[in-house]
Each structure stands twice: as structure tokens, then as C-alpha cells.
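Chains, contacts and geometry: an overview
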Amino acid sequence: LALASCAPEKEADVYRTALPLNDVMGHIISPAAFAFWDAWGEVSDEDGVRSLRPTTEAGWEAAENGAATVAEAANLLLLPSRRRDDGDWVKYAQALSDVALEALEATEARDSTRMGALGAKLDEACEACHHKYLPAGAPGGKPVPATKS
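A short tour of the structure in this document, coming up. As the structure is a prediction and not an experimental result, all values here were calculated from the model.

**What to know about the packing of aromatic side chains**
One pass over the full model with this rule turns up three aromatic pairs. Judged by centre distance (5.0 Å) and plane angle (80°), the ring pair of Phe-34 and Trp-37 falls under edge-to-face. Taken together, the residues Phe-34 and Trp-37, both in helix 2 (residues 21-37) and three residues apart, mark about one turn of the helix. Between the NZ or CZ atom of Arg-84 and the centre of the ring of Trp-89, over which it lies, the distance is 5.5 Å.

See below:
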């Protein structure tokens, strides 16, 4: 009887997922991805062509933080109340994290060329998941509902 009180809580019971998936994407993952994406490439406008490569430590740190946040926030997509299935959803979330970790390494190395290539891979990882789980015309841009675990 004493052992029963020491039993671990069910996994789903220990997570507090107050934000719905759309808010996790809109408040955490997307801003973090853009912090990384905004740190490489060039912009051409009426003033000419200018590099987006950070020129200050604070700029580099913002790009690093963006990549690191995406890498870890991908795990938020795997929590029981947010996971859509145990197949492709998991594969896409893990791919997102893997690419973001590579992006973090490139940013820490101040390798703008590699950052550009990884920025494209990060976008591909996002789009692959959105193609399957955020169907065109979905009401309010809401993803496919989670399966019950």
C-alpha cells in the first residue's frame, strides 16, 4: 500500500499546456524562426543591396537565441496534448529540431553561407509539416486535431 503512493504520475498529467498549438506556433516557434531567418541573406531596396548578416554581438545573439528556441520548442509539439499522431508529426518535429540545432552551430560559427543553406532547410521542415497538418483553407488556419493518446 505504501508503494502505491510513490507511483509516478501519468505522463500526460505532469504537463501544463496552457497555450493551444496555434499560439505555440505564433508566439514561440515562428518568432524564433524569424529571428534566425532575419540574420542572413541580402535585401535589395531603393537604397541598394544590404546584407542582413549581424554586425553586433547582440545581433548574433538574437540569431543564436532564435535557432536554439526553435530547437527546443520543437519538443513542445510532441507533448501529449499537442501531438497529432505518432508517425509523421513526430518525424517533422524532430526534423525541425535537428535543423535548428545545425542552424545554431552555424550561427555560433558566424558562418553566413551555411546559415543561408540551413535557413532554407528550416523553411522546408516547416512547410512539409504545414502541408500535411495545416490544410489549405483550414478554418482559421487551425491544424489537424490531435489524436487521443
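**A few points about the environment of Glu-64**
When you line up the elements, Glu-64 lands in helix 3 (residues 57-73). Sequence-wise, Glu-64 and Ala-100 are 36 residues apart; in three dimensions their C-alpha atoms are separated by 9.7 Å.

**Considerations on the packing of helix 4 (residues 88-108) against helix 5 (residues 112-133)**
Between helix 4 and helix 5, the shortest axis-to-axis distance is 9 Å and the interhelical angle comes to 165°. Taken as axis vectors, helix 4 and helix 5 run roughly antiparallel relative to one another. Between helix 4 and helix 5 lies a crossing whose hand is left-handed. Contacts from Asp-88, Trp-89, Tyr-92, Leu-96, Val-99, Ala-100, Glu-102, Ala-103, Glu-105, Ala-106 and Thr-107 of helix 4 reach helix 5 at Arg-114, Met-115, Leu-118, Lys-121, Leu-122, Ala-125, Cys-126, Ala-128, Cys-129, Lys-132 and Tyr-133.

**Quick notes on the environment of Ser-51**
Relative to the helices and strands, Ser-51 is located in strand 2 (residues 48-51). Counting along the chain gives eleven residues from Ser-51 to Trp-40, while the straight-line C-alpha distance between them is 7.2 Å. With residues near it in sequence (within four places) discarded, Ser-51 still touches Gly-41 and Glu-42. Polar contacts involving the side chain of Ser-51 include one to the main-chain amide nitrogen of Arg-53, which spans 3.0 Å.

**With respect to the pairing of strand 2**
Examined bridge by bridge, strand 1 (residues 42-45) and strand 2 share four bridges and lie antiparallel to one another. Along strand 2, the bridge assignment pairs Glu-42 with Ser-51.

Calculation rules
- Residues numbered from 1 in each chain as written.
- Predicted model: local features only at pLDDT ≥ 70, side-chain atom pairs only at ≥ 80, totals over all residues.
- Heavy atoms only, no water.
- Phe/Tyr/Trp six-rings, centres within 6.5 Å; stacked < 30°, edge-to-face > 60°.
- Helix = DSSP H or I, 4+ residues; strand = E, 2+ residues; numbered from the N terminus.
- Lys NZ or Arg CZ within 6 Å of the ring centre and 35° of its normal.
- Axes fitted to C-alpha atoms, helices over the stretch in contact; angles between N-to-C directions.
- Parallel < 35°, antiparallel > 145°, perpendicular 65-115°, else oblique.
- Left-handed = near helix turned anticlockwise from the far one by under 90°.
- Contact = heavy atoms within 4.5 Å.
- Polar contact = N/O pair within 3.5 Å; in protein donor to acceptor, adjacent residues only side chain to side chain.
- Pairing = 2+ DSSP bridges.

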